[in-house]
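Architecture at a glance
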Amino acid sequence: MTPARRLPHIDALKALAAQAIVLHHLLSYGPIARAAHAALPTLAGLLHQHGRLAVQIFLVIGGYLSARGLAPRAGGLNAPLPQLLWRRYLRLALPFIAAVALVLVASAVVEPWLPDLVPGSVSATQLLAHALLLQDLLGHESLTAGAWYVAIDFQLFALLALLLALSGRLPPRWRRSGSLALVALLVLASAWGFNRFAELDHLAVYFFAAYGLGALVHWLGQWRHGRWTLPLLLALLAASLVVEFRSRLALAVATAVLLALAHRHPWQPGEALAERLNRLGRESYALFLLHFPVLLVANALVAAVAGPDAIGLAAFALLSAWWLSNRLASPFHRWVELPAARLDPRRPVAATDASGLGRA
């Protein structure tokens, strides 16, 4: 990625959010989590309870980057819809399938010590559902932490692309405003309606308030009417929080405000910091996928060696699992994630991601 294409504020948000999610899972499963809650109940409780909200940051960023990749100035797609969906599937699903395979191997190894953390019998139908990113829609138990996000990311990308494809059928002069209107209406419908029903959390419409908002931040930041339309949209979303407060949506709105401010006042860190943030940002999807098998092995070691009450060993295992997950993200990104993108020879590798998790 050339310096001109870097988005250091997005890299920084992705890096922080990814670490929050890793720590959230480390403090939610197994003897490591129990020991951490016993030693530091307040801090562990906060990360356990609220760390998962960091996913909302990825949703907003995902919408923002998808807007840049699919239609930089709105008004229709820049490639055929089936081609875009196939590229997106390769980008998300192939690394996800590799990570699920690692989870299954780790589960087989640690099952004697962690029977409650590993899946029971795994059917061919369940594996196929995961490979197609349909596990939640078909009612299958997830085989790894965060599997729901990968499926929802693909749904959201497909929904945004479909809205842009529909707007592309309008007369040329109406395409841009038409796509903005379609996305904004669905964002408001999600915030005021779909997002208020937890039973819909396996569907894209539940999360589209965050994802579509990210897309609109990008488009309205370039539009001459954006100075008043974006504040109006944010005010309508804030009003929906007054009617029914949801911390996840509040964080999404706050993230959108940060992105809008950064668009007007770009942050330019030093070259060394920018390089590091860029690496952490582009490897965030690999970290997201890899940390759960590492978590399983670390918890099994604690359970096998000293039992669930060994606070000192559990603390060492937690830090080791966090460090190892971050170290393994680089080779996984290089040897699994990037080759998955290269399977579509028509797509430049430098533009392989429009996701909140991965390259900016």
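Before any of the text, the structure's been laid out above.
Here we summarise the structure given alongside this text. Quantities reported herein were computed from a predicted structural model and do not represent experimental measurements.

Per the stated rule, a full pass over the model turns up 3 cavities of 30 Å³ or more. Computed from the structure, the largest cavity encloses a volume of approximately 50 Å³. For the largest cavity, the full set of lining residues is Ala15, Ala18, Gln19, Arg279, Leu280, Glu283, Ser284, Leu287, Asn326 and Ala329. Elements with a contribution of two residues or more to the lining of the largest cavity: helix 1 (8-26), helix 12 (271-282), helix 13 (284-305) and helix 14 (311-342). Looking at the lining of the largest cavity element by element, the count peaks at 3 residues for helix 1. Residues belonging to the lining of the largest cavity are distributed by class as follows: 5 nonpolar, 3 polar and 2 charged.

A separate point is the environment of leucine 324. On the secondary structure map, leucine 324 appears in helix 14. By relative accessible area, which is 34% here, leucine 324 ends up partly exposed. Each C-alpha atom, one on leucine 324 and one on valine 118, is 20 Å from the other, the two residues being 206 residues apart in sequence.

The next point concerns the pattern of salt bridges. Within this structure, the stated rule accounts for 4 salt bridges. A salt bridge links arginine 91 to glutamate 337, with the shortest nitrogen-to-oxygen separation between them at 2.7 Å. Of the two residues, arginine 91 sits in helix 5 (residues 81-110) while glutamate 337 sits in helix 14, which places them 246 residues apart along the sequence. Each member of the pair arginine 91 and glutamate 337 is classed as buried. With a shortest N-O distance of 3.1 Å, arginine 279 and glutamate 283 are connected by a salt bridge.

Another aspect to go through is the environment of leucine 241. Mapped onto the fold, leucine 241 is located in helix 10 (residues 226-243). By relative accessible area, which is 12% here, leucine 241 ends up buried. Sequence-wise, leucine 241 and alanine 191 are 50 residues apart; in three dimensions their C-alpha atoms are separated by 8.3 Å. Apart from residues lying up to four places away in sequence, leucine 241 is in contact with Arg246, Leu249 and Ala250.

With that out of the way, let us pick up the nonpolar core. Of all hydrophobic cores here, the largest spans 105 residues; its most connected members are Leu160, Phe208, Leu216 and Trp219. Ignoring sequence-local partners within four residues, the contact set of leucine 160 consists of Gly63, Ser66, Ala67, Leu70, Val183, Phe208, Tyr211, Ala215 and Trp219.

Right, let's get into the packing of helix 1 against helix 14. For any two helices packed against each other, the geometry comes down to the angle between their axes and how far apart the axes lie. In contact at an axis separation of 11 Å, helix 1 and helix 14 are set at 140° when each is read in the N-to-C sense. Classified by the interaxial angle, the pair formed by helix 1 and helix 14 is oblique. Judged by the sense of rotation from one axis to the other, the crossing of helix 1 with helix 14 is right-handed. Where helix 1 abuts helix 14, its residues Gln19, Val22, Leu23 and Leu26 lie against Leu318, Ala321, Trp322 and Asn326. The residue makeup of the contact of helix 1 with helix 14, split by class, is 6 nonpolar, 2 polar and no charged.

The next subject is the side chain of histidine 130. If you trace the backbone, histidine 130 turns up in helix 6 (residues 124-131). At 2.9 Å, the side chain of histidine 130 and the backbone oxygen of glutamine 126 are in polar contact. Beyond its immediate stretch of four places on either side in the chain, histidine 130 contacts Phe96, Gln135, Glu141, Ser142 and Leu143.

Conventions used here
- Here the residue index of a chain counts from 1 through its sequence in written order.
- Local features in a predicted model are, by the rule used here, given only for residues with pLDDT of at least 70; side-chain atom pairs are given and counted only at 80 or more, and totals for whole chains, interfaces and linings are based on all residues.
- Hydrogens and waters are ignored; side-chain quantities use all the structure's heavy atoms.
- Of the two site types, the cavity is a set of points on a 1 Å grid over the protein atoms alone where a 1.4 Å probe fits but cannot get out, and the pocket is an open set with protein on both sides within 12 Å along at least five of seven lines, each lined by residues with an atom within 4 Å of a point.
- Grid points are joined across faces, edges and corners, and a volume is the space filled by probe spheres set on the points.
- Per the convention used, a helix needs a DSSP run of H or I reaching at least four residues, while a strand needs a run of E reaching at least two, with both numbered from the N terminus.
- Each residue gets one label: Ala, Val, Leu, Ile, Met, Phe, Trp, Tyr, Cys and Pro are nonpolar, Asp, Glu, Lys and Arg are charged, and the others, such as Gly, are polar.
- Accessibility here uses a 1.4 Å probe with only protein chains present; expressed as a share of the type maximum, an area under 20% marks a residue as buried, one over 50% as exposed, and anything in between as partly exposed.
- Criterion for a salt bridge: a side-chain nitrogen of Lys or Arg within 4 Å of a carboxyl oxygen of Asp or Glu.
- Residue contacts follow a heavy-atom distance rule, with two residues in contact if any of their heavy atoms lie within 4.5 Å.
- Residues grouped as a nonpolar core are buried Ala, Val, Leu, Ile, Met, Phe, Trp, Tyr and Cys residues, joined through side-chain atoms within 4.5 Å.
- To define axes, lines are fitted to C-alpha atoms, for helices over the stretch in contact only, and angles between the resulting N-to-C directions are given on a 0 to 180 degree scale.
- Convention used here: angles under 35 degrees read as roughly parallel, angles over 145 as roughly antiparallel, angles from 65 to 115 as roughly perpendicular, and any remaining angle as oblique.
- The handedness criterion is simple: a crossing whose near helix is rotated anticlockwise from the far helix by less than a right angle is left-handed, and one whose near helix is rotated clockwise is right-handed.
- The term polar contact refers here to a pair of N or O atoms within 3.5 Å; inside protein, the definition further demands a hydrogen-donor-capable atom paired with an acceptor-capable atom, and it admits residues adjacent in sequence only when both atoms are side-chain atoms.

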